[in-house]
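# Secondary and tertiary structure notes
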Amino acid sequence: MTILEARGLRKEFGGLVAVDEVNLTIQRGTTHAIIGPNGAGKTTFFNLLTGKYKPTRGTVIYKGQDITQLPVYRRSHLGIGRSFQITNIFPNLTLLENVRLASQALSGDNFRFLQRTSLLKKHLDRAVQVLAIVGLTDVYAFANTLPHGGKRKLELAILLAADPELLLLDEPTAGMASEQVPELIETIRKIQREGNKTVVLVEHNMNVVMNISDQITVMHLGRVLAEGTPSAIASDKTVQSVYLGELYDLPGKS
Amino acid sequence: MTTRLIENLRENWLYWLIILFLLAFPFLVAAQTGSSPFGEPRGDRMVMRGESVRWQAVMIEIFILAILAMSYNLMFGFTGVLSFGHALFFGLSGYIIGLMLEYTGLDNGIALILGIGLAIAINGILGLLIGLVSLRLKGVYFAIFTLAVAEMAFIFFGRFALTRAEDGFTLTHVPIWLDATQNRITLYYVALGMGIFTFFAIRRLINSPTGAVFKAIRENEDRAQSIGYNTLTFKLIAITIASMLAASAGVLQVLLNKKVGPELLGIGNTVDPLLMTIIGGIGSFTGPVIGATGLHLLDTNIREATITIGSTVLHVSDFWGLLLGAIFILAVMVFPQGVVGTWIRLRMRWQKFTKSA
Ligand SMILES: Nc1ncnc2c1ncn2[C@@H]1O[C@H](COP(=O)(O)OP(=O)(O)O)[C@@H](O)[C@H]1O
Ligand SMILES: [Mg+2]
């Protein structure tokens, strides 16, 4: 069953076409990887799906509903959660507050002017629980004091707190020390399986991509170059020549 | 019930102490200086002579500035909305109460109550409207928009014949019981009450789930939206409450000076609370209060001073602006988090030091 569908999505920045007539269907309960070199348009594509940018043309359908014109915050209420390639947290708040805010956002508690936040225990409990899932325990530390790897975990925790149905993960392991990567990927995998979530993952590590995905879409210069199962993509001649061979042997990509 | 009281006392004892002190203040000064907290009688009237009433005026001014700075801090310090037009709400509210008292012919008491209600309501609505048309603008563009609106009001009232253009008008219909030249002590307690209310109301709001979203917006508006907050709504709430609080400060200001004029709308009434907030400690509860107290005490005590070096006599008032600027630059460079932020940092460092020792 389809949960998300992009139809003819196009985004221009001035003269540059960052996303070019992309058609893509995401099946519910699957892990779908989007790969492609830097500048391929993956992040822009996510920005169109989440509403940060409005497309120049095309539509986004979520669970049968046209959400192309919905603002960002409305989409998260529909169950779409997103993590960012460039860490996007609340720097001068504690880890607990970072995640607690995400739990509060979709509840009916936002306009309780006279209530004390500290007495709304369910969001605090949820925050502690989610932080534990990603392996962050010093919940009273300020977010900006975390090392990079910790910030990546927090980024994921903020997303998880709202318990979204569809998780759009933009390079969740970007810049992480390689020994930390498997643990984070395993966490993502576990959440996907246990909650029967749908995960759309942008990731550069080919081992991870091949292992974790049910379906892979390859983007290049804003277009979909190929789509298929991991084994089909691995043996696809165009993909190999344009992309896999040349680019993924290069170290230090972001 | 009693445990809650004890809890409260333990948490807030310093605040209660300060409140008690401020309640007793007119009488303490009176006792110290042998003056009367009610002024001196002249025939059947009172004249505001003596140290106690003089200090009451200074303190009322501090309460007003503190309310204005706290309301500014609610927008800028807690929600991250930078405004250059805060004087608009302050000054407009002064005009509203002034017009009600002097131009409607209503009974003084009724005009006063109605005027206060109208000043607060109109400014709340105005804040909301300004927010609606301009809060979609990012950061500094919003600030410039608010500056433009405030300056337009300044220019308008500077020429508006009915309110006597740049001269402004004096209030002659303030009810006796609240008249700063007859019963200053009532105004003192009203202003104190409003100050205390503002302080605790803002604290309650910021410690609520709503206030948590304000801080999230200040920290990262983009992310706040992406986790599901309609940030515009929350910014509108902040600006509406802040403009109503600024309006209440404006009411107190014209009741203290018994004078309404375009200077109420001047840029100074935006800059002062901004400076007080930053120097005192932005985004803290006590920062704006400390900033307002410190700067105003400096203002009243040093501004009139003269410095004699040999045969030259320097009047501090001549270079007061320069001095204030220097204090500000120094504060921002040496204590970027203001008095309160610096205090907290020192305390944290001390705790770390004693823990590791
Ligand atoms: N806000 C923007 N304004 C202008 N150009 C942009 C913007 N965002 C992305 N681009 C451009 O669009 C192209 C695709 O970028 P991006 O979506 O970030 O690629 P990827 O995530 O695949 O690395 C790049 O050429 C990038 O420079
Ligand atoms: Mg990207």
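Residues numbered from 1 in each chain as written. Chains lettered and ligands numbered in written order. Predicted model: local features only at pLDDT ≥ 70, side-chain atom pairs only at ≥ 80, totals over all residues. Heavy atoms only, no water.

## Describing the overall build of chain B
Counted only if it meets this: Helix and strand assignments come from DSSP, with helices taken as H or I runs of at least 4 residues and strands as E runs of at least 2, each series counted from the N terminus. The globule rule used here is 2.2 Å times the number of residues to the 0.38 power, and the radius of gyration it is set against is calculated over C-alpha atoms. Relative accessibility under 20% of the residue-type maximum defines a buried residue, over 50% an exposed one, and the middle range a partly exposed one, all with a 1.4 Å probe and only protein chains included. Throughout, a contact is declared for two residues whenever any of their heavy atoms are within 4.5 Å. All accessible areas in this document rest on Shrake-Rupley with a 1.4 Å probe, and a residue is counted as covered only by the protein chains that are shown. His is not counted, nor are the chain ends, whereas Lys and Arg count as positive and Asp and Glu as negative. By convention, the charge on Lys lies at NZ, on Arg at CZ, on Asp at CG and on Glu at CD.
Across its full length, chain B carries 12 helices and six strands. Against the 2.2 N^0.38 benchmark of 21 Å for 357 residues, chain B shows a C-alpha radius of gyration of 21 Å, consistent with a compact globule. Counting only C-alpha atoms and orienting by the principal axes, one finds that chain B spans roughly 65 × 60 × 55 Å. The 357 residues of chain B split such that 48% are buried. By sequence separation, contacts in chain B at least 24 residues apart represent 71% of the contacts at least 6 residues apart. Roughly 17200 Å² of accessible area belongs to chain B as shown, and the carbon and sulfur atoms make up 68% of that amount. If you average the places of the 25 positive and of the 20 negative side-chain charges in chain B, the two averages end up 11 Å apart.

## Description of the overall build of chain A
Looking only at helices and strands, chain A has nine helices and 10 strands in total. Taken over the C-alpha trace, chain A has a radius of gyration of 18 Å; the compact-globule value for 254 residues is 18 Å, and the two agree within 12%. In terms of its C-alpha atoms, chain A occupies a principal-axis envelope of roughly 60 × 40 × 35 Å. By the burial criterion, 54% of the 254 residues in chain A qualify as buried. Across chain A, every contact between residues at least 6 apart in sequence was considered, and the portion connecting residues at least 24 apart equals 64%. If you sum the accessible surface of chain A, you get close to 11100 Å²; carbon and sulfur atoms cover 53% of it. Taking the average place of the 28 positive charges on the side chains of chain A and the average place of its 24 negative ones, the gap between the two points comes to 6 Å.

## Section: the sheet that holds strand β2 (residues 16–27) of chain A
Residue and element names in this part refer to chain A. Quick note on the threshold: Each pair of strands is called paired provided DSSP finds at least two bridges between the two strands.
Taken in spatial order, the four strands line up as β2-β1-β4-β5 in an open sheet, and their pairing is antiparallel. Only two strands of the sheet have a single partner each, and these edge strands are β2 and β5 (65–66). As judged from the eight bridges shared by strand β1 (residues 2–13) and β2, these two strands associate in the antiparallel manner. Across the sheet, Lys-11 pairs through a bridge with Val-19, a residue of β2.

## Here's the deal with the domain arrangement of chain A
Residue and element names in this part refer to chain A. To be explicit about the condition: Boundaries of every domain are those given by an automatic assignment or by a domain database. By buried area we mean the combined loss of accessible area, with a 1.4 Å probe, across both parts when two parts are placed together. For this analysis, a salt bridge means a side-chain nitrogen from Lys or Arg found within 4 Å of a carboxyl oxygen belonging to Asp or Glu.
Taken domain by domain, chain A consists of domain 1 (1–79 + 164–254) and domain 2 (89–163). For domain 1 and domain 2, the distance between their C-alpha centres works out to 26 Å. On the side of domain 2, 12 residues touch domain 1, which itself brings 19 residues to the contact. Between domain 1 and domain 2, the buried area comes to about 1200 Å², and carbon and sulfur atoms account for 66% of it. At the boundary of domain 1 with domain 2, the tally comes to one salt bridge. Residue assignment for the side of domain 1 that touches domain 2 shows that the elements contributing at least two residues are α2 (72–77), β7 (166–170) and α6 (181–194). Here the side of domain 1 that touches domain 2 takes five residues from α6, the largest share from any one element.

## Side note on unusual backbone geometry
Even without glycine at this site, Asp-163 of chain A takes up a positive phi of about 50°. Mapped onto the elements, Asp-163 of chain A comes out in the loop between α5 (148–161) and β7. Its identity is not glycine, yet Ala-165 of chain B carries a phi of approximately 40°, on the positive side. With respect to the helices and strands, Ala-165 of chain B occurs in the loop between α5 (139–159) and β3 (169–170).

## Some points on the packing of helix α4 (residues 121–134) of chain A against α5 of chain A
Residue and element names in this part refer to chain A. As a reminder, the rule being used: The convention used is that axes are lines fitted to C-alpha atoms, helices contributing only their stretch in contact, and that angles between N-to-C directions extend from 0 to 180 degrees. Working definition: roughly parallel below 35 degrees, roughly antiparallel above 145 degrees, roughly perpendicular at 65 to 115 degrees, and oblique for all remaining angles. Crossing handedness is read from the near helix: turned anticlockwise from the far helix by less than a right angle, it gives a left-handed crossing, and turned clockwise, a right-handed one.
Interhelical geometry of α4 versus α5 gives an angle of 135° and a closest axis separation of 9 Å. Judged on the interaxial angle alone, α5 and α4 are oblique. Of the two elements, α4 crosses α5, and the hand of that crossing is right-handed. Side by side, α4 and α5 meet where Arg-126, Val-130, Leu-131 and Val-134 of the first sit next to Lys-153, Leu-154, Leu-156, Ala-157, Leu-160 and Ala-161 of the second.

## Some words on the packing of aromatic side chains
All names here are of chain B. The line we're drawing: Here the aromatic set is Phe, Tyr and Trp, taking the six-membered ring for Trp, and pairing holds for ring centres within 6.5 Å; pairs whose planes are under 30 degrees apart are stacked, those over 60 apart are edge-to-face, and all others are tilted.
In total, this model carries 21 aromatic pairs over all chains according to the counting rule given. An angle of 75° between the planes, with centres 6.5 Å apart, marks the rings of Phe-25 and Trp-55 as edge-to-face. Taken as a pair, Phe-25 in helix α1 (residues 2–33) and Trp-55 in helix α2 (residues 51–78) lie far apart in primary sequence, 30 residues in all. On the numbers, 6.0 Å between centres and 65° between planes, the contact of Tyr-72 with Phe-76 is edge-to-face. Highlighted residues: Tyr-72 and Phe-76, both in helix α2, separated by four residues, approximately one helical turn. Residue Tyr-72 is classed as buried on the basis of its relative accessible area, which comes to 1%. Through successive ring pairs, a cluster of aromatic residues spans Phe-21, Phe-25, Trp-55, Phe-63, Tyr-188 and Tyr-189.

## Quick word on the coordination of the magnesium ion (ligand 2)
All names here are of chain A. Quick reminder of the rule: Atoms are scored as donors when they are N, O or S and lie within 2.8 Å of the metal, with 3.2 Å used for Na, K and Ca; no water is included, so coordination may look incomplete.
Within the protein, Thr-43 (OG1) and Gln-85 (OE1) serve as the donor atoms for the magnesium ion (ligand 2), at 2.0 to 2.1 Å. Placement of the pair is Thr-43 in helix α1 (residues 42–50) and Gln-85 in the loop between β6 (80–83) and α3 (95–105), with a sequence separation of 42 residues. Taking the relative accessible area as the measure of exposure, Thr-43 reaches 26% and is therefore partly exposed. The exposure class of Gln-85 is partly exposed, given its relative accessible area of 23%.

## Section: the site of ligand 1
Residues and elements named next belong to chain A. The condition that has to hold: We define proximity as follows: a residue is near a molecule or strand when any one of its heavy atoms falls within 4 Å of that partner. Contacts described as polar in this section are N or O atom pairs within 3.5 Å, which, within protein, must combine one atom able to donate a hydrogen with one able to accept it, while residues neighboring in sequence count only if both atoms come from side chains. Under the grouping applied here, Gly and all other residues not named as nonpolar or charged are polar, the nonpolar ones being Ala, Val, Leu, Ile, Met, Phe, Trp, Tyr, Cys and Pro and the charged ones Asp, Glu, Lys and Arg.
Every residue close to ligand 1 is listed here: Phe-13, Leu-16, Ala-18, Pro-37, Asn-38, Gly-39, Ala-40, Gly-41, Lys-42, Thr-43, Thr-44 and Tyr-53. In this structure, Gly-41 approaches ligand 1 through a main-chain N or O atom, which is 2.9 Å from an oxygen atom. Between ligand 1 and Thr-43, the relevant distance is 2.7 Å, taken from an oxygen atom to a side-chain nitrogen or oxygen of the residue. Here ligand 1 loses 64% of its free accessible area of 560 Å² to cover by the protein chains. Going through the elements one at a time, β2 and α1 are the ones with two or more residues in the shell around ligand 1. The leading source of residues in the shell around ligand 1 is α1, at three residues. When its residues are assigned to classes, the shell around ligand 1 shows six nonpolar, five polar and one charged.

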